[in-house]
Amino acid sequence: MHELARMTIAAASRGLERRSFSALELLDAVLARVEETEPRLHAYARVTADAARREAAAADREISVGRRRGPLHGIPVAVKDLCYTAGVATEAGSRAMAGFVPSFDATVVRRLREAGAVIVGKTVTHEFAYGQNIPVTRNPWHETMYPGGSSVGSGVAVAVGSAMGAIGTDTGGSIRVPASIMGIVGLKPTFGRVSRHGVLPLSWSLDHVGPLTRTVEDCAIMLGAIAGHDPLDPMSSATPVPDYRAGLEEGVEGLRLGVDRDYYYGPGVDPEVAALVRDAERVLAAAGAEIVPVVIPELAHATVIGMTLMQPEASAAHRERLRRRLADYEDGTRLMLEFGNLIPAAHYVTAQRARRWFQAAIRDAFRRERLDALLAPSLPIPTMPREESVGDFLGGTEGRVDLSGLIKHGIVANVAGLPALSVPCGLAAGRLPVGLQIVGRPFAEATVLRIGRAHEVRTDWVAVRDAALMGKSR
Amino acid sequence: MRIDSSTAEAVIGLIDADVPPGDVPVLAGMLRAHLAAFEALEGLDLSDLEPAARFEAAWDA
């Protein structure tokens, strides 16, 4: 593969600034990687090569006259096909959206463009980020294994270098799940930190938008470009956006990192996952962090609170379209959306009240133990065989909503609205990545990134991943 | 709250008459599973908690 496609965003940005290569050359290297990998992996729903070439040429012109916009200027990135892109089909992985072409960009896309990023294409998602289907996208680590979801194409594209960074969405873990499975970095920011305007909703009170990248520094760069208040998103926060790269190298000396072994290491957690995440704890402890055992019994309620919120909200979001296009939804999606209509309104309101109780319990634990973050496995297992990644309620009379196996670790941060980062921390079974999850205080993305970076610089998992998926070490 | 399958199927028919008949038994199973899981929230003391009109993540720690 072309060396340029192997670069991190940070390194490519420095190269563009020094004019070591052009944005067009960088894009061509990434498009060559797209051609090389897409026939096998199917990370993209559509590649917008011509538009990307125009954007890269425009970036070159601006940079050549000293009008460099920042570290994303000229960088090829991908966007989950849940985000509106003006003039480019946005189909959310669903026949029910076939041929839909938005007239405007989602705020997150607009901000990427304003930062000078080059949009390579739209990445595959599970249907409406909710589907129970087996994705068309293949796992480059092991083609018979589930590649993660719902931001599955974003994860795979970043992992193999067919995008230098990508946008995903996360309602119950859908950025962190593919990040963990691909061995890359994924950040679900604080609720309200990144606008969801123009992103097809799944669950208004749980949806988040965030970046997937190959390194923590790249994640900080992308977050810096997309974060900030947006009056078009009623949940958007006016909290000022800091420079997320500024403190990245400050280390973890003196930080207190909580670990709830009762919740995150209970039955069902793969022993190799547990061992690798404990290794990560030791890495951070050796770097000066204090690992603090904590018990937050309320975490056990995360899944029932989250699902009782998510399911009716999703059904409300799809109510009109489902009636018009019922036959165009996949079976699993249709069943989930039909089911959300059956949850009693009093249950939904009770879950909203319980969410405040849940959030307060985590806040109190952070205060009581003076925590800077929680550490946990991003997933209880490395991944699962593709054919097991479908909802198991199809075709049975005793259907059940058994998503908890994959979302149990992730949905805590959605219900509480807290920032949560997944960084690679090892390989299980020799070739299945495992993620370390770092959950921080509200709007403390800089702290979780700093912790992730401290782990990254003391381990070689980035180089191991790149060697496995891109041929050799950077 | 416990609910048997036939009652669940009747309730589903009342709430959403447009559900394809083949989905009803599956939905009945899902509803029963939800009702069982939701019992975990029934015992919580939420007496001082109103549902937030607007969910915000900030806390003043």
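Residues numbered from 1 in each chain as written. Chains lettered and ligands numbered in written order. Predicted model: local features only at pLDDT ≥ 70, side-chain atom pairs only at ≥ 80, totals over all residues.

A. Spatial organisation of the nonpolar core. Of all hydrophobic cores here, the largest spans 160 residues; its most connected members are A:V30, A:V77, A:V108, A:V118, A:V120 and B:L27. Counting residues per element, this core draws most heavily on helix 11 (residues 302–324) of chain A, which supplies nine residues. (Core = buried A, V, L, I, M, F, W, Y, C linked by C-beta atoms within 7 Å. Buried ≥ 20, exposed ≤ 12 C-beta atoms within 10 Å, placed from the backbone. Helix = DSSP H or I, 4+ residues; strand = E, 2+ residues; numbered from the N terminus.)

B. Spotlight on the packing of helix 11 of chain A against helix 2 (residues 24–42) of chain B. Relative orientation of the contacting elements helix 11 of chain A and helix 2 of chain B amounts to 115°, with a least axis distance of 9 Å. As judged from the angle between their axes, helix 11 of chain A and helix 2 of chain B are roughly perpendicular. In this structure, helix 11 of chain A meets helix 2 of chain B at a crossing whose hand is left-handed. Residues A:V304, A:I305 and A:T308 of helix 11 of chain A lie in contact with helix 2 of chain B, whose contacting residues are B:A37, B:F38, B:A40 and B:L41. Among the residues making up the contact of helix 11 of chain A with helix 2 of chain B, the classes are represented as six nonpolar, one polar and no charged. (Axes fitted to C-alpha atoms, helices over the stretch in contact; angles between N-to-C directions. Parallel < 35°, antiparallel > 145°, perpendicular 65-115°, else oblique. Left-handed = near helix turned anticlockwise from the far one by under 90°. Contact = placed C-beta atoms within 7 Å. Nonpolar A, V, L, I, M, F, W, Y, C, P; charged D, E, K, R; others polar.)

C. A look at the sheet that holds strand 6 (residues 208–213) of chain A. Residue and element names in this part refer to chain A. Strand order in the open sheet made by the eleven strands is 1-3-2-4-6-5-10-11-9-7-8, with mixed pairing throughout. At either end of the open sheet lies a strand with only one pairing partner, and these are strand 1 (44–47) and strand 8 (290–293). Shown here is a sheet whose adjacent strand axes are inclined to one another by a mean of 30°, direction ignored. Examined bridge by bridge, strand 2 (residues 76–80) and strand 3 (residues 118–123) share five bridges and lie parallel to one another. If you follow P76 over to strand 3, its bridge partner there is V118. Contacts from helix 6 (residues 152–160) reach strand 1, strand 2, strand 3, strand 4 (165–170) and strand 6, with the element oriented near 155° to strand 4. (Pairing = 2+ DSSP bridges.)

D. View of the environment of A:Q352. Tracing the backbone through its elements, the reader meets A:Q352 in helix 13 (residues 345–368). Separated by 63 residues in sequence, A:Q352 and A:V415 place their C-alpha atoms 9.5 Å apart. Leaving out residues up to four positions away in the same chain, A:Q352 has contacts with A:L309, B:P51 and B:A52.

E. Spatial organisation of the interface of chain A and chain B. Taken together, the contact between chain A and chain B spans 39 residues of the former and 30 residues of the latter. Contributions of two or more residues to the side of chain A that touches chain B are made by helix 11, helix 12 (331–340) and helix 13 of chain A. In terms of residue count, helix 13 of chain A provides more of the side of chain A that touches chain B than any other element does, twelve residues in total. By residue class, the composition of the side of chain A that touches chain B is 17 nonpolar, 13 polar and nine charged.

F. Geometry of the pairing of strand 7 (residues 256–259) of chain A. Note that strand 7 of chain A and strand 8 of chain A share four bridges and pair parallel. By the bridge assignment, A:R256 is partnered in strand 8 of chain A with A:E290.

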